[in-house]
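Chains, contacts and geometry: an overview
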Amino acid sequence: MYEDRPKTPSEVKRRLRQHARFGCCRCGLPIYQYHHIVPYSEDQHFRVEDMMLLCPLCHDMATKGVFSDAQQREIQDAPFNVRKGLAGGMLHTRQNYCAVLAGGVLLVGEGPVIIADGEPLLTLSPDEGGHVKISVTLRDKDGNLIALIEDNEWLSGDATVWDMESDHQKLVVRSAANHVALNLNMKGEPAHLRAKFWHGGYLVDLRGIGIRVNGKNAGQQISDLAFAGMALDLNTEIPRVQLVPKLKRALTISNPDPLDRLKKTVEAWQRLKSEERDSAGQR
């Protein structure tokens with residue numbers, strides 16, 4: 001549908017995100033697309049005043065004519081997150097890093113959280129304002145790409161088959177037909193992640209406690225530990241979930257107290273980032 005259309009300029013995207021406070025103007029969902037109130041087919045433009053952020057479902061409704069022009073202008077003028085006082089949107093952290101508890105494993109850092117055979121499946125990165133950017137690659141059990149999200153922008157996939165919901169600092173994405181789910185709760189620190197991803201015929205299931213691959217325990221050796229600067233990686237040759245470093249150096253933290261473990265892992269991550277910056281400055 002949009003293959004021949006030029007990409008929305010980065011500066012236009014930035015201004016639209018800021019105006020909408022990083023969420024759908026109608027419902028606040030932090031997964032969105034860039035909608036033309038004045039249809040692009042009628043006027044090939046990227047005017048900020050004639051565009052707005054909408055989630056894929058609200059976008060689908062708008063393009064099908066569910067909302068009148070006047071209703072769209074009302075939605076644009078008073079975005080959901082602005083009315084609710086959510087300056088950083090629904091997914092917001094006060095830190096410049098992500099601390100995530102996934103399958104009983106504490107990961108502190110930024111960037112890829114789950115990797116499969118070198119392909120990032122889930123990436124979390126906070127920007128300078130604390131708004132959390134999410135990138136997700138979702139496939140079905142046959143390996144077909146069914147949804148692609150990059151930095152919260154829904155790029156491909158039929159959004160109407162998905163059930164997405166969000167409240168302040170929580171995002172849930174469900175698809176019973178494809179057995180894919182993402183549940184990210186950022187109301188506390190660390191954030192809690194539950195997810196199911198298909199990759200290469202394997203189902204990776206990150207539960208509250210434990211990691212399963214095709215129903216079998218995987219990665220028990222890394223449960224109840226904390227890792228600074230690492231990501232969970234599914235190696236389908238084994239198959240097993242293991243840890244891979246995201247920086248030149250990464251650290252493992254073992255501490256029986258959850259709060260102390262979190263504190264020490266955050267401190268370790270900050271040291272690693274400082275070392276990485278210093279190393280880059282010397283080159």
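Residue positions are counted from 1 within each chain, in the order its sequence is given. Only residues with pLDDT of 70 or above have their local features reported here, since the model is predicted, and side-chain atom pairs are shown and tallied only from 80 upward, although totals for entire chains, interfaces and linings are computed over all residues. As a convention, hydrogens and water are excluded, and side-chain values are obtained from all of the structure's heavy atoms.

1. Considering empty space enclosed by the protein
Using a grid of 1 Å spacing that covers the protein atoms alone, one calls a set of points a cavity when a 1.4 Å probe fits there but cannot get out, and a pocket when the set is open and has protein on both sides within 12 Å along at least five of seven lines; lining residues are those with an atom within 4 Å of a point. Grid points are joined across faces, edges and corners, and a volume is the space filled by probe spheres set on the points. Tallied over the entire structure, the rule returns 1 cavity of 30 Å³ or more. Considering only enclosed or pocket space, the largest cavity measures out at about 50 Å³ in volume. The wall of the largest cavity is formed by Cys-98, Val-100, Leu-107, Val-108, Gly-109, Glu-110, Gly-111, Pro-112, Val-113, Leu-124, Met-230 and Lys-246. Put simply, the parts of the chain that give the lining of the largest cavity at least two residues each are β3 (98-102), β4 (105-109) and β5 (111-116). Only runs of H or I of at least four residues qualify as helices and only runs of E of at least two qualify as strands under DSSP, and these elements are numbered from the N terminus.

2. Observations regarding helix α3 (residues 69-77)
Here the term buried applies to any residue with accessible area under 20% of the maximum for its type, exposed to any over 50%, and partly exposed to those in between, with areas from a 1.4 Å probe on protein chains only. For α3, the complete set of buried residues consists of Gln-72, Ile-75 and Gln-76. In an axial view of α3, the angular spread of the buried residues amounts to 100°, which keeps them on one side of the axis. Across α3 from its buried face, at more than 90 degrees, point the exposed residues Glu-74 and Asp-77. By the convention used here, residues are in contact when the closest approach between their heavy atoms is within 4.5 Å. Of the surrounding elements, those touching the buried residues of α3 are α1 (10-20), β1 (33-36), β2 (51-54) and α2 (56-63). Throughout, the arc means that of the directions going from the helix axis to the C-beta atoms.

3. Re the nonpolar core
Among buried residues, the Ala, Val, Leu, Ile, Met, Phe, Trp, Tyr and Cys ones that are joined through side-chain atoms within 4.5 Å form a nonpolar core. The biggest cluster of nonpolar side chains holds 69 residues, and the ones touching the most others in it are Leu-122, Leu-124, Ile-134, Trp-162, Leu-193, Leu-206 and Leu-232. Membership of the second largest hydrophobic core comes to 13 residues, among which are Ala-226, Ala-228, Leu-247 and Leu-272.

4. A word on the environment of Met-51
Mapped onto the elements, Met-51 comes out in strand β2. For Met-51, a relative accessible area of 1% gives the class buried. Linking Met-51 and His-36, residues 15 residues apart in sequence, is a C-alpha distance of 4.5 Å. Other than its neighbours up to four places away in sequence, Met-51 contacts Thr-8, Val-12, Leu-16, Tyr-34, His-35, His-36, Ile-37, His-45, Phe-46 and Gln-76.

5. Brief notes about the packing of aromatic side chains
By convention here, two paired aromatic rings are described through the distance between centres and the angle between planes. Working definition: a ring pair exists when centres of Phe, Tyr or Trp rings (six-membered ring for Trp) sit within 6.5 Å. Plane angles under 30 degrees give stacked, over 60 give edge-to-face, the rest tilted. Per the stated rule, a full pass over the model turns up 3 aromatic pairs. Seen in terms of ring centroids, Tyr-32 and Tyr-34 are 6.1 Å apart; in terms of plane orientation they differ by 70°. Their pairing is edge-to-face. For the residue pair Tyr-32 and Tyr-34, the accessibility class agrees, reading buried in each case.

6. Overview of α1
Restricting attention to buried positions, one finds in α1 the residues Val-12, Lys-13, Leu-16 and Ala-20. Projected onto a plane normal to the axis of α1, the buried residues spread over an arc of 100° and lie on a single side. Where α1 is buried, its residues touch β1, β2, α4 (80-83) and β9 (153-156). Backbone geometry just downstream of α1 places Arg-21 in the positive-phi region, at approximately 55°.

7. Thoughts on the pattern of salt bridges
Within this document, salt bridges are pairs made up of a side-chain nitrogen of Lys or Arg and a carboxyl oxygen of Asp or Glu, the two lying within 4 Å of each other. Summed over the entire model, instances satisfying the criterion amount to 13 salt bridges. Between Arg-73 and Asp-50 there is a salt bridge, with the nearest N and O atoms lying 2.8 Å from each other. Taken together, the residues Arg-73 in helix α3 and Asp-50 in the loop between β1 and β2 connect sequence positions 23 residues apart. Taking relative accessible area as the criterion, Arg-73 reaches 23% and is therefore assigned partly exposed. On the basis of relative accessibility, which here comes to 10%, the residue Asp-50 falls in the buried class. As a salt-bridge pair, Lys-187 and Asp-167 come within 3.6 Å of each other at their nearest N and O atoms. Separated by 20 residues along the polypeptide, Lys-187 in the loop between β12 (180-185) and β13 (191-199) and Asp-167 in strand β10 (residues 163-167) bring together distant segments of the chain. Given a relative accessible area of 34%, Asp-167 falls into the partly exposed group.

8. Brief notes about the pairing of β9
Bridging between strand β8 (residues 145-150) and β9 involves 3 bridges; their strand directions are antiparallel. For Glu-150, the partnering residue across the bridge sits in β9 and is Glu-153. Two strands pair under a simple rule: DSSP has to find at least two bridges between them. Between β8 and the antiparallel strand that follows it, β9, lie 2 residues; Asp-151 among them carries a positive phi value of about 50°.

9. Remarks on unusual backbone geometry
With an omega of 5°, the peptide bond between Glu-189 and Pro-190 qualifies as cis. Phi angles above zero are rare outside glycine, and Asp-117 is one such case at about 50°. By secondary structure assignment, the location of Asp-117 is in the loop between β5 and β6 (119-126). Note on Asp-117: relative accessible area 41%, which makes it partly exposed.

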